[in-house]
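For reference, the chains in residue letters:
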Amino acid sequence: MYRPFRIGMTGGIGSGKSTVGECFRSLGVEVLDADQITRELTAPEQLVLDEIRSIFGNEAINSRGELSRTFLRSRIFTNNDQRKRLEALLHPRVYERLGEYSDKLDAAYVVWIVPLLLETRSADRVDRVLVIDCPEELQVQRAAARDQQSGADIREIMNRQLTREARLKQADDVILNDGELKSIRGKVQDLHHKYLSLAENRNKTETRDN
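Rules of the game
- Residues numbered from 1 in each chain as written.
- Predicted model: local features only at pLDDT ≥ 70, side-chain atom pairs only at ≥ 80, totals over all residues.
- Heavy atoms only, no water.
- Axes fitted to C-alpha atoms, helices over the stretch in contact; angles between N-to-C directions.
- Helix = DSSP H or I, 4+ residues; strand = E, 2+ residues; numbered from the N terminus.
- Parallel < 35°, antiparallel > 145°, perpendicular 65-115°, else oblique.
- Left-handed = near helix turned anticlockwise from the far one by under 90°.
- Contact = heavy atoms within 4.5 Å.
- Nonpolar A, V, L, I, M, F, W, Y, C, P; charged D, E, K, R; others polar.
- Phe/Tyr/Trp six-rings, centres within 6.5 Å; stacked < 30°, edge-to-face > 60°.
- Buried < 20%, exposed > 50% of the residue type's maximum accessible area, 1.4 Å probe, protein only.
- Core = buried A, V, L, I, M, F, W, Y, C linked by side-chain atoms within 4.5 Å.

### Let's talk about the packing of helix H6 (residues 136-147) against helix H7 (residues 151-160)
Phase 1 of the analysis: Running from N to C, H6 and H7 cross one another at 120°; their axes reach a closest spacing of 9 Å. Put simply, H6 runs oblique to H7. Handedness of the H6/H7 crossing: right-handed. Of the residues in H7, those touching H6 at Glu136, Glu137, Gln139, Val140, Ala143 and Ala144 are Gly151, Ile154, Arg155 and Met158.
Phase 2 of the analysis: A class-by-class count of the residues in the contact of H6 with H7 yields 5 nonpolar, 2 polar and 3 charged.

So this is what it looks like as structure tokens:
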């Protein structure tokens, strides 16, 4: 059965994955965001909320039946066991939905934005791994400004992610996001042509083999 070529985009906090994703979207590429799917899965009245409540207690759900993200972040920030339980609950469902959405697309390729793609050992779910890279100091500056958190808190999050070096070793493609947006757009344009070619070649191979 035909499915779009899958590009797994990943990178550390503050590396600029969303910016690169928008550049792909501007070229008409389908981009699926794991964080958005997580929000869908944890919307009011979703069954997964009951499972989250069983792990974290009633405080995890606010009076409107919504997930209390602030409470949850504070809990998993200091409790690795609960963080791992939450990840074990959500990650398989996120990947399942990413696959479902992708397979319905009439597209040469699709980009998955998955911050923890490599940490969850899920590179085999995609055809190619694209790492968005930038210097660590720049990561801290961007993430602290965006999330209104301290540099120490951002570094704590970074410590739970793969190191920059480990991430780059697993990359098929890399975009260094340390400059102007114009430069990023040019790099995305180059990769766009590359991915279209790779998708076409894969489809030709599969058609021949069948």
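### Observations regarding the packing of aromatic side chains
Phase 1 of the analysis: Taken as a whole and assessed by the stated rule, the structure comprises 3 aromatic pairs.
Phase 2 of the analysis: Aromatic side chains phenylalanine 24 and tyrosine 195 sit 6.4 Å apart centroid to centroid with 20° between the ring planes, which places their arrangement in the stacked category. Within this pair, whereas phenylalanine 24 is found in helix H1 (residues 17-26), its partner tyrosine 195 is found in helix H9 (residues 181-209), the two being separated by 171 residues in sequence. Exposure class is identical for phenylalanine 24 and tyrosine 195. Each is buried.
Phase 3 of the analysis: Through successive ring pairs, a cluster of aromatic residues spans Phe24, Tyr109 and Tyr195.

### Some points on the nonpolar core
Phase 1 of the analysis: Ranked by internal contacts, the top residues of the largest apolar core, which has 32 residues, are Ile52, Phe56, Leu86, Leu98, Trp112 and Val114.
Phase 2 of the analysis: Taken together, the elements giving at least two residues each to this core come down to helix H2 (34-41), helix H3 (47-56), helix H4 (69-78), helix H5 (80-103), strand S3 (109-113) and strand S4 (128-133).
Phase 3 of the analysis: In terms of residues, this core owes the most to one element, H5, which gives 6 residues.
Phase 4 of the analysis: Each residue touching isoleucine 52, except ones within four places of it in the same chain, is listed here: Thr42, Gly57, Ala60, Leu67, Leu72, Leu86 and Leu89.
Phase 5 of the analysis: Core analysis: the second largest hydrophobic core is formed by 19 residues, Ile7, Cys23, Val29 and Val31 among them.

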